[in-house]
Amino acid sequence: MSGTVKSRVHATRGKEAIADQGSVLKFDKNNDFQHELKRRVDEFFETTGLRQRDCWQMYLKSGILLGGMGLLYVLLVFYTATWWVAVPLALALGFVMALIGFNIQHDAGHQAYSDYGWVNKLMSMTIDLIGGSSYVWHWRHAVFHHTFVNITDHDTDVDLGFLGRLTPHQKHYAFHRWQHLYLWPLYGLMAIKWQLVNDFWDVGRCKIAERRIPFPRGWDLVIFLGGKALFLTLAFVIPMLFHTWWVVLLYYGLAALAMGVTLSIVFQLAHAVEEAEFPMPAADTGRMENSWAVHQVQTTVNFARNNPVVSWLLGGLNFQIEHHLLPRICHVNYPILAPVVEQTCRDFGVVYHEHRSLLAGLRSHYRWLRRMGTVEGYA
Ligand SMILES: [Zn+2]
């Protein structure tokens, strides 16, 4: 995969993604690792007879999570009169909403849910249902993040603005020395910011961080506005018909907090940890040292691979190496596919990083925040 990145090419896969403002970023052209991996993975699916997409486990999981969200919402809004029942219900609702993000919309947004485009489109809109935007997500995640993982000023996921320093190439402020403490509560506010502010701000200014995106048109605009209207109606308008406004705001805040903490922590454990690298293009040529596929492995860390509960809940986001290399394969296949990926990495001398548990990943993220907060570059 050459990884040459050209303006205004709207695509979902790394190799075809965009660059803006005339900048060109190229990955190394040696694609032997990726070709061999693809060959082995194709062979794996042929021999096992498993399906890459349209897996029954995925449809079952979607039913459980969407049904669970509906049930929790109905119980919370229409059938709960006491705070000690409402509080756990609101927290559980926020948690399940995050799981819908990890499991359903994430796969669908990568066209990994189904072979049918309309099924992917429909299921990708579950992010609009939980308050996000499938349009903004496509640009932020599938294009900027997946193409340019951990490349400062290109990957919008490692850009927290002045609030935090996640890479050694970002500007250091004195107050970052406390970021390993103050960023955790801010992670909790992420869902509120995302639902009520960021998507409108990004679409309005046609930019995510400093990366340009086109203004949504046609159906994209209808889905963006319709999705936000639906979410605001479910989150505020309907509950306020039955409860006082401050009670509604309180429980919305609790659900959003649970959702924000869950989403942020899982996102950060894959890339903002000690073992991940943060390479930059050569200043004179704009060329990255490695090919796109090797770059994905270098910048990504798995965690808790052997924990089936974590794997089920997180939609395979604990198998981020597999996800970044094979984003169009449904996540229910990652656990059985991981040995193929790991062996191919080993055969090509590409280091495959993983944390044994969720807690080990969390500790590593904490240490990385502390290190980036106190050191101007790599120690
Ligand atoms: Zn992804």
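For the structure, see preceding data.
Since this is a predicted model, take the numbers as computed values, not measurements.

Q: Got a sec to walk through the packing of helix H6 (residues 134-147) against helix H8 (residues 190-205)? Specific residues and values, please.
A: Interhelical geometry of H6 versus H8 gives an angle of 75 degrees and a closest axis separation of 10 Å. With respect to their mutual orientation, H6 and H8 come out roughly perpendicular. In this structure, H6 contributes Tyr135, Val136 and Arg140 to the contact, and H8 contributes Asp199, Asp202 and Val203. In the contact of H6 with H8, the residues fall into three nonpolar, no polar and three charged.

Q: Lay out helix H9 (residues 219-242) with the relevant residues and their values.
A: Here H9 is 24 residues long and its end C-alpha atoms lie 33 Å apart, about the 34 Å a rise of 1.5 Å per residue gives. Within the span of H9, buried status applies to Ile223, Phe224, Gly227, Lys228, Phe231, Ala235, Phe236 and Pro239.

Q: Outline the packing of aromatic side chains, supporting the account with residue identities and numerical values.
A: In total, this model carries 14 aromatic pairs according to the counting rule given. Ring centres of Tyr59 and Tyr113 lie 5.2 Å apart, and the angle between their planes is 90 degrees; this geometry places the pair in the edge-to-face category. You can see Tyr59 sitting in helix H2 (residues 56-78) and its partner Tyr113 sitting in the loop between helix H3 (83-109) and helix H4 (117-124), a full 54 residues away along the chain. With a relative accessible area of 37%, Tyr59 lands in the partly exposed category. A ring pair is formed by Tyr173 and Phe175, whose centres lie 5.6 Å apart and whose planes are at 10 degrees; its orientation type is stacked. By relative accessible area, which is 31% here, Tyr173 ends up partly exposed. In textbook terms, an aromatic cluster arises when at least three aromatic residues are bridged by ring pairs, as seen for Phe162, Tyr173, Phe175 and Tyr182. A cation over an aromatic ring shows up here: Lys61 above the ring of Trp312, its NZ or CZ 4.9 Å from the ring centre.

Thresholds, definitions, all that
Residues numbered from 1 in each chain as written. Predicted model: local features only at pLDDT ≥ 70, side-chain atom pairs only at ≥ 80, totals over all residues. Heavy atoms only, no water. Axes fitted to C-alpha atoms, helices over the stretch in contact; angles between N-to-C directions. Helix = DSSP H or I, 4+ residues; strand = E, 2+ residues; numbered from the N terminus. Parallel < 35°, antiparallel > 145°, perpendicular 65-115°, else oblique. Contact = heavy atoms within 4.5 Å. Nonpolar A, V, L, I, M, F, W, Y, C, P; charged D, E, K, R; others polar. Expected span 1.5 Å × (residues − 1). Buried < 20%, exposed > 50% of the residue type's maximum accessible area, 1.4 Å probe, protein only. Phe/Tyr/Trp six-rings, centres within 6.5 Å; stacked < 30°, edge-to-face > 60°. Lys NZ or Arg CZ within 6 Å of the ring centre and 35° of its normal.

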